[in-house]
2 protein chains.
Amino acid sequence: MKIGILGTGMVGNAIGSKLVHLGHEVKMGSRTTDNAKATEWVKDKGPHATHGTFADAAAHAAIIFNCTSGGVSLEALKLAGEENLKGKILIDVANPLDFSNGMPPSLIPSLSNTTSLGEEIQKAYPKTKVVKTLNTMNCFLMCDSSAVPGEHDIFVCGNDANAKEIVKSMLMEEFGWKSIVDLGDISGARGTEMLLPIWIRLYGINQSPNFNFKIVK
Amino acid sequence: MKIGILGTGMVGNAIGSKLVHLGHEVKMGSRTTDNAKATEWVKDKGPHATHGTFADAAAHAAIIFNCTSGGVSLEALKLAGEENLKGKILIDVANPLDFSNGMPPSLIPSLSNTTSLGEEIQKAYPKTKVVKTLNTMNCFLMCDSSAVPGEHDIFVCGNDANAKEIVKSMLMEEFGWKSIVDLGDISGARGTEMLLPIWIRLYGINQSPNFNFKIVK
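A brief look at the structure comes next. (Residues numbered from 1 in each chain as written. Chains lettered and ligands numbered in written order. Predicted model: local features only at pLDDT ≥ 70, side-chain atom pairs only at ≥ 80, totals over all residues. Heavy atoms only, no water.)

### A few points about the relation of the copies chain B and chain A
1) Next: Once chain B is rotated about the relating axis by 180° and shifted along it by 0.0 Å, it coincides with chain A to within an RMSD of 0.0 Å. Here the two chains are linked by the operation of a two-fold rotation axis. Considering only C-alpha atoms, the residue of chain B closest to the rotation axis is Lys 214 of chain B, which sits at 2.5 Å.
2) Next: Both copies contact each other with a shared surface, as 100% of the interface residues of chain B are interface residues in chain A too. (Least-squares fit on C-alpha atoms with pLDDT ≥ 70 in both. Contact = heavy atoms within 4.5 Å.)

Structure follows, in structure tokens:
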């Protein structure tokens, strides 16, 4: 499948690499055509890994991953272009972390609590099918659920039922997820993005990002 | 042990009833001496269940539970009185839920994200040992961890190590908790209070409050 990755950080790198490895045609997008991290990323990956601008990556893809920093996601999507996003599935992996108050980060007030990054992206691009998932864990666990042994959950939410089904299949078949918790429409993103503060706290306490949430009932 | 319960709602009622049942001397506190719910609560519970003002309940107790609504907790504690809270363990069970934007509630901005209710209480009463716990679940599960089968976690945080140990013992011995996750100092309350939005969402989806979080690693 043709996949676009917006963002050249650890998350975009990990998801992009996994998808290339699985045989997908992945284009990594950034602000410029000569981004150093994207240029480095395509090396030795063969013809299925390419890079370009945000717009190039979005235009290329049937499914787009938003792996940009939450604080600049709306700006990156603007550069990707409404026409290139229209009708497509956008998997929003980003969190609206606010580093302006120092560490640990809080959440950007205008993108949290009474709204969420996922909701704001869906509002800005009503013809794009936004599915929020993968944002409650480390990027290596995202791509391989067995990085943490035992049973644990991944959350999914979005307004388009069909898009969610496609994303769930992808999570199961490509990334090995067995237990998917569907939180309903995109406003479920509020709760998953607000998991970040305890996630960051647990990361510090466990001295490892290799953990995940499970809902026991 | 002499225990004070601040608040006459479902949470105070459930915790107070459990502690009376276990043989503790519990005084439920509210704004007035003739609160209808507190008067009802003491009925048929014998001499170990009494009620009075917030100040009466705090003065009576060695350990105090804050079971008031998060939005009025600081006001209730002011009525309880700094002198009556000094040197004591205050178990803060409340969440700063904001119902002013309708349902589902969000969190009160001045008590979340870059701070928390737990932290603000600790700041306001530096001589009180605030321990945040029990706020990430339904009140019946609080008092009996077996209400949800299997392994799942309760979070505890606070600045005073000794107070935390006493609270942990209480959680284990009185309420049956086996797996306690210590999140460090009181600023860990930020993460646990921010679990509420996903908890509320899951409550709606599961159509039951009988679930809990587990950290799998």
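### Details of the side chain of Thr 115 of chain B
Residue and element names in this part refer to chain B.
1) Next: With respect to the secondary-structure elements, Thr 115 resides in the loop between strand E7 (106–107) and helix H6 (117–124).
2) Next: By relative accessible area, which is 8% here, Thr 115 ends up buried.
3) Next: Discounting residues that sit within four places of it in the chain, Thr 115 has contacts with Ser 110, Glu 120, Lys 123 and Arg 190. (Helix = DSSP H or I, 4+ residues; strand = E, 2+ residues; numbered from the N terminus. Buried < 20%, exposed > 50% of the residue type's maximum accessible area, 1.4 Å probe, protein only.)

### So, the packing of helix H1 (residues 10–21) of chain A against helix H8 (residues 161–175) of chain A
Residues and elements named next belong to chain A.
1) Next: As a packed pair, H1 and H8 sit with axes 11 Å apart at the nearest point and diverge in direction by 70°. In terms of orientation, H1 lies roughly perpendicular with respect to H8. Between H1, through Ile 15, Lys 18 and Leu 19, and H8, the contact on the second element is made entirely by Met 170, Glu 174 and Phe 175.
2) Next: Its residues placed into classes, the contact of H1 with H8 shows 4 nonpolar, no polar and 2 charged. (Axes fitted to C-alpha atoms, helices over the stretch in contact; angles between N-to-C directions. Parallel < 35°, antiparallel > 145°, perpendicular 65-115°, else oblique. Nonpolar A, V, L, I, M, F, W, Y, C, P; charged D, E, K, R; others polar.)

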